[in-house]
Amino acid sequence: MSAELPINCLMTPDEAAGLISEGRFLMLAGDEAVLRRLPAGNWMGGTIPYFMDDTGGVSSRERLFVTEVPVTAGAPQLRFYDVAGLDQLCVDGPDNGYSLIIIPAFSAVHSLYARRAPAFEDMFIKPVAGWVAGCHLDDLGRATPQVVLGSGPHFDAERAVVMHVPLPDEAYARIDILNAMTQGGEDRLRFAETGFSASACSVNGEPRNLAEYLLARGVDPRLPLVADYGGASVNVSIKAIDGATGRVDFYAPVFDDVEYRLAAPVDFSVPPVEEGMEPALWSCNCILNYSYWGLEGRSTGTPPGPMSFGEIAYLLLNQTQVCLRIGQG
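Residues numbered from 1 in each chain as written. Predicted model: local features only at pLDDT ≥ 70, side-chain atom pairs only at ≥ 80, totals over all residues. Heavy atoms only, no water.

### Some thoughts on the overall build of the protein
Of the regular secondary structure elements, the protein holds 6 helices and 27 strands. What you see for the protein is a C-alpha radius of gyration of 19 Å, in line with the 20 Å of a compact globule of 329 residues. For the C-alpha atoms alone, the extent of the protein along its principal axes is close to 60 × 40 × 40 Å. Taking all 329 residues of the protein together, the buried fraction comes to 55%. Contacts spanning at least 24 positions in sequence make up 76% of the contacts within the protein whose residues lie at least 6 apart. (Helix = DSSP H or I, 4+ residues; strand = E, 2+ residues; numbered from the N terminus. Rg over C-alpha atoms; globule rule 2.2 N^0.38 Å. Buried < 20%, exposed > 50% of the residue type's maximum accessible area, 1.4 Å probe, protein only. Contact = heavy atoms within 4.5 Å.)

This is the structure we're talking about:
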């Protein structure tokens, strides 16, 4: 284990417990059983047993991904947020710094953040990055994703856990998004309502049933809908297409004021590789990328971190990698 700071790698529970006992501020990712072995301290965590390290994708129920959060301008603040107070997330954040957030998948706070975060006060002014906790894919429907506030430790399936981290005046937080998907095709899709599912939509201004449209085109459900936010591609990943009911379910909401296009085709047999990426304080990648590209044991050259059930770079994202970097000047 390297003594260099900050730490950002896979560890055993005993190694992580040693850092906690030293009073370090940490963000942890791991299987629930492993997280429950850890002592109280200045940490927060979320459940997930999938990671990316320097050797490639890793699935482990025995190890944790440990990110140390440097203390450079006062101690970070750790706390839970429920659905009633979540809209104050950015207001509570430091004037100069960043907020790290972990949200339990399939919870009410997950749905609220996905739908309402763009309208939170001070959103896009104060940096917010994080991920959505999940579970082993074999345990879907049985295990409940959880987040952890390390002061107890307190486990919770219905609240988000947040670390507000101040920075000195000469430093700033930068959030980068790496997305292998781009818009493809000419058809423009719009929706009348914001939500995690849709039946009705318009295609080039004409009313259509979305499931019927996707099935008629033979769309690969691994390809998301993609919106263009001022030059940045933002994905909405398809969870299921039900031809019988005409409904399509998504892993993130479609919005009623955004135009979407189908993603351009990609070769899922060849993972996207990034060369020469600069290091990140923290990063996460999507479990869908892990699954669709078969990243177990395969390296992409991107910064290490947990594989999540959703990525947060201000907004809730899908099929992306999010990196948090600290700059000077």
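Here the narrative resumes, following the displayed structure.
### A look at the side chain of glutamine 319
Counting through the fold element by element, glutamine 319 comes out in the loop between β26 (315–317) and β27 (321–328). The class of glutamine 319 is buried, set by a relative accessible area of 2%. Once residues lying within four places of it in the same chain are set aside, the contact partners of glutamine 319 are Asn179, Met181, Arg222, Pro224, Asn235, Ser237, Cys286, Leu288, Asn289, Tyr292 and Glu311.

### Examining the packing of aromatic side chains
All chains considered together, the criterion is met by 8 aromatic pairs. Their ring planes at 55° and their centres at 5.0 Å tell us that phenylalanine 268 and tryptophan 293 sit as a pair that is tilted. One end of the pair, phenylalanine 268, is in the loop between β22 (260–262) and β23 (282–286); the other, tryptophan 293, is in the loop between α6 (287–292) and β24 (305–308), with 25 residues separating them in the sequence. The lysine or arginine in question, arginine 36, covers the ring of phenylalanine 155, its NZ or CZ lying 3.8 Å from the ring centre. The ring of tyrosine 81 carries the charged tip of arginine 79 above its face, separated from the ring centre by 3.9 Å. (Phe/Tyr/Trp six-rings, centres within 6.5 Å; stacked < 30°, edge-to-face > 60°. Lys NZ or Arg CZ within 6 Å of the ring centre and 35° of its normal.)

### Focus on the sheet that holds β26
Read from one edge of the open sheet, 6 strands run β7-β12-β8-β9-β25-β26, paired in mixed fashion. Looking at which strands have only one partner, the edges of the open sheet turn out to be β7 (77–81) and β26. Each neighbouring strand pair of the sheet contributes to a mean axis angle of 20°, computed without reference to strand direction. Bridge count for strand β8 (residues 97–104) against strand β12 (residues 160–166) is 6 bridges, and the pairing is antiparallel. Among the inter-strand pairings, leucine 100 is bridged to a residue of β12, identified as methionine 163. On top of the sheet, helix α4 (residues 108–116) reaches β7, β8, β9 (128–133), β12, β25 (311–313) and β26; it is set at about 130° to β8, its chief contact. (Pairing = 2+ DSSP bridges. Axes fitted to C-alpha atoms, helices over the stretch in contact; angles between N-to-C directions.)

### Here's the deal with the sheet that holds β27
Pairing is mixed across the open sheet formed by 6 strands, whose spatial order is β5-β4-β24-β23-β27-β13. The strands lining the two open edges of the sheet, one partner per strand, are β5 (56–59) and β13 (171–178). Pairs of neighbouring strands in the sheet enclose a mean axial angle of 30°, with direction left out of account. Pairing of strand β4 (residues 50–53) with β24 involves 2 bridges; the strand directions are antiparallel. The partner of methionine 52 across the bridge, within β24, is glycine 305.

### Quick notes on helix α5 (residues 210–217)
Looking only at α5, the buried set comprises Leu210, Ala211, Tyr213 and Leu214. Buried residues in α5, looked at end-on, bunch into an arc of 165°, giving them a common side. Capping of α5 at its N-terminal end is provided by asparagine 209; its side-chain oxygen lies 3.2 Å from the backbone amide nitrogen of alanine 211. Note on α5: the residue one or two positions beyond its end, glycine 218, has a positive phi of about 65°. (Arc of directions from axis to C-beta. Polar contact = N/O pair within 3.5 Å; in protein donor to acceptor, adjacent residues only side chain to side chain.)

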